[in-house]
Amino acid sequence: MAKIIVVTSGKGGVGKTTTSAAIGTGLALRGHKTVIVDFDVGLRNLDLIMGCERRVVYDFVNVVNGEANLQQALIKDKRLENLYVLAASQTRDKDALTQEGVEKVINDLAKDFDFVLCDSPAGIEKGASLAMYFADEAIVVTNPEVSSVRDSDRMLGLLASKSRRAANGEDPIKEHLLLTRYHPERVSKGEMLGVEDVEEILAIRLLGVIPESTAVLKASNAGVPVILDDQSDAGQAYSDAVDRLLGKELPHRFLDVQKKGWMARLFGGRE
C-alpha cells in the first residue's frame, strides 16, 4: 500500500505546488512509483509546473464522478518512468469533490503506487480538508513570516483533529516542516524569521529549508520541477528534503549568509 502524503499550508503563495512537483519528482528519481494529485479544483497549476498542461483530457473530478477511469485521467511524466500526475478540474467548484469519491480514488491509487502526494489548496475549505483527511504524513509549507507561520500552526491543529487517522483513533499524521523562500541576509537583518524561530513556534520536524532563488520561477515558467535543476540552491535543497523524507540524516544547507566574491558582488543575484 502507498504512503499518502499531503502538502499543505494555511496561506496561499508559499510554494505548495512547487513543493509537490519537486518532492514527487525526487521520489520518482529514487525509484519510487509516485503520483501527484492536484486538489485545487478551479485553480489548477500542478499541470503547468509539471509541463503537462496540454495533455490533460480527463481530470480528478471526472474520475470522482465516474465520467472517466484512472487510466484515462493519469498523465505519465515524459521525463521519468515512475511519475504520474492527476490534474484538477479548471471548470468545477470545490464542492465537486466528495469524501466518498476522493476515498475511492485514493484507495485505487494506493494499490498501484508507492507514494500518493496530495497537492492541497490553501486554507481550510473543502478541497484542503479532503486533501489532508486521508494522509499518513503531511509536509507543512511555510514562509519565514509571522502570518504564514501562524496560519501553518492552525493547519497543524486541523491535521491533528480532522483526519481519518484521528477519527479512527490511529497514530497521528506524521508532520514535517518545509520552510520556503528563506533569505539568510534578511534573517540576519531581522526582517524575516529565522529557522529556529519557526521551529520553536511550530514544534515539528524540519524537513528542509528552501532558499529564495530565481531558479524556482525559471523552472515553473519552463514547466520543469526545480529539483531537476541540480545546479541551483533550491534544487539541491529539495533533493536533500526528499532524502530526509525517506529517512536519511542530512545536515541543513543554505542557512547562513554567503560571502560573495567580487564577481558576485558586481553582478548580484542568487541562483
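A brief structural summary. (Residues numbered from 1 in each chain as written. Predicted model: local features only at pLDDT ≥ 70, side-chain atom pairs only at ≥ 80, totals over all residues. Heavy atoms only, no water.)

If you tally the helices and strands in the protein chain, you get 13 helices and eight strands. Against the 2.2 N^0.38 benchmark of 18 Å for 271 residues, the protein chain shows a C-alpha radius of gyration of 18 Å, consistent with a compact globule. Taking the principal axes of the C-alpha coordinates as reference, the protein chain spans close to 60 × 40 × 35 Å. Here the protein chain holds 271 residues, and the buried ones make up 52% of them. Considering only contacts within the protein chain whose residues lie at least 6 apart along the sequence, 76% involve residues at least 24 apart. In the form shown here, the protein chain has an accessible surface area of approximately 12,500 Å², with 48% of it arising from carbon and sulfur atoms. Side chains of the protein chain carry 34 positive and 40 negative charges; the gap between the two charge centres is 3 Å. (Helix = DSSP H or I, 4+ residues; strand = E, 2+ residues; numbered from the N terminus. Rg over C-alpha atoms; globule rule 2.2 N^0.38 Å. Buried < 20%, exposed > 50% of the residue type's maximum accessible area, 1.4 Å probe, protein only. Contact = heavy atoms within 4.5 Å. Areas by Shrake-Rupley, 256 points an atom, 1.4 Å probe, with all protein chains shown as cover. Lys, Arg positive; Asp, Glu negative; His and termini not counted. Charge placed at Lys NZ, Arg CZ, Asp CG, Glu CD.)

Below, the discussion takes up the side chain of Asp77. Relative to the assigned elements, Asp77 resides in the loop between β3 (75–76) and β4 (83–86). A relative accessible area of 8% means that Asp77 is categorised as buried. A polar atom in the side chain of Asp77 sits 2.9 Å from the backbone nitrogen of Leu80. Setting aside chain neighbours within four positions, we find Asp77 in contact with Met50 and Leu83. (Polar contact = N/O pair within 3.5 Å; in protein donor to acceptor, adjacent residues only side chain to side chain.)

A few words on the sheet that holds strand β1 (residues 3–8). If you walk across this open sheet you meet the eight strands as β3-β4-β2-β5-β1-β6-β7-β8, and the pairing is mixed. A single partner strand is all that each edge strand has here, and the edge strands are β3 and β8 (205–211). Pairing analysis gives four bridges linking strand β2 (residues 34–38) to β4, with the strands arranged parallel. Residue Thr34 lies in a different strand from β4, and its bridge partner there is Leu83. (Pairing = 2+ DSSP bridges.)

For the rest of this paragraph, the subject is the packing of helix α1 (residues 16–29) against helix α12 (residues 233–245). At their nearest, the axes of α1 and α12 sit 9 Å apart, and the two run at 65 degrees to each other. When the axes of α1 and α12 are compared, the crossing they make is right-handed. On the side of α1, the interface is formed by Thr18, Thr19, Ala22, Ile23, Gly26 and Leu27, while α12 contributes Tyr238, Ala241, Val242 and Leu245. By residue class, the composition of the contact of α1 with α12 is seven nonpolar, three polar and no charged. (Axes fitted to C-alpha atoms, helices over the stretch in contact; angles between N-to-C directions. Left-handed = near helix turned anticlockwise from the far one by under 90°. Nonpolar A, V, L, I, M, F, W, Y, C, P; charged D, E, K, R; others polar.)

As enumerated under the stated definition, the model contains 13 salt bridges in all. Close ionic contact of Arg253 with Asp240 constitutes a salt bridge, the shortest N to O distance being 2.9 Å. Within this pair, whereas Arg253 is found in the loop between α12 and α13 (262–267), its partner Asp240 is found in helix α12, the two being separated by 13 residues in sequence. A relative accessible area of 10% places Asp240 in the buried class. Here the residues in one salt-bridge network are Lys104, Asp108 and Lys111, joined through shared partners. (Salt bridge = Lys/Arg side-chain N within 4 Å of Asp/Glu carboxyl O.)

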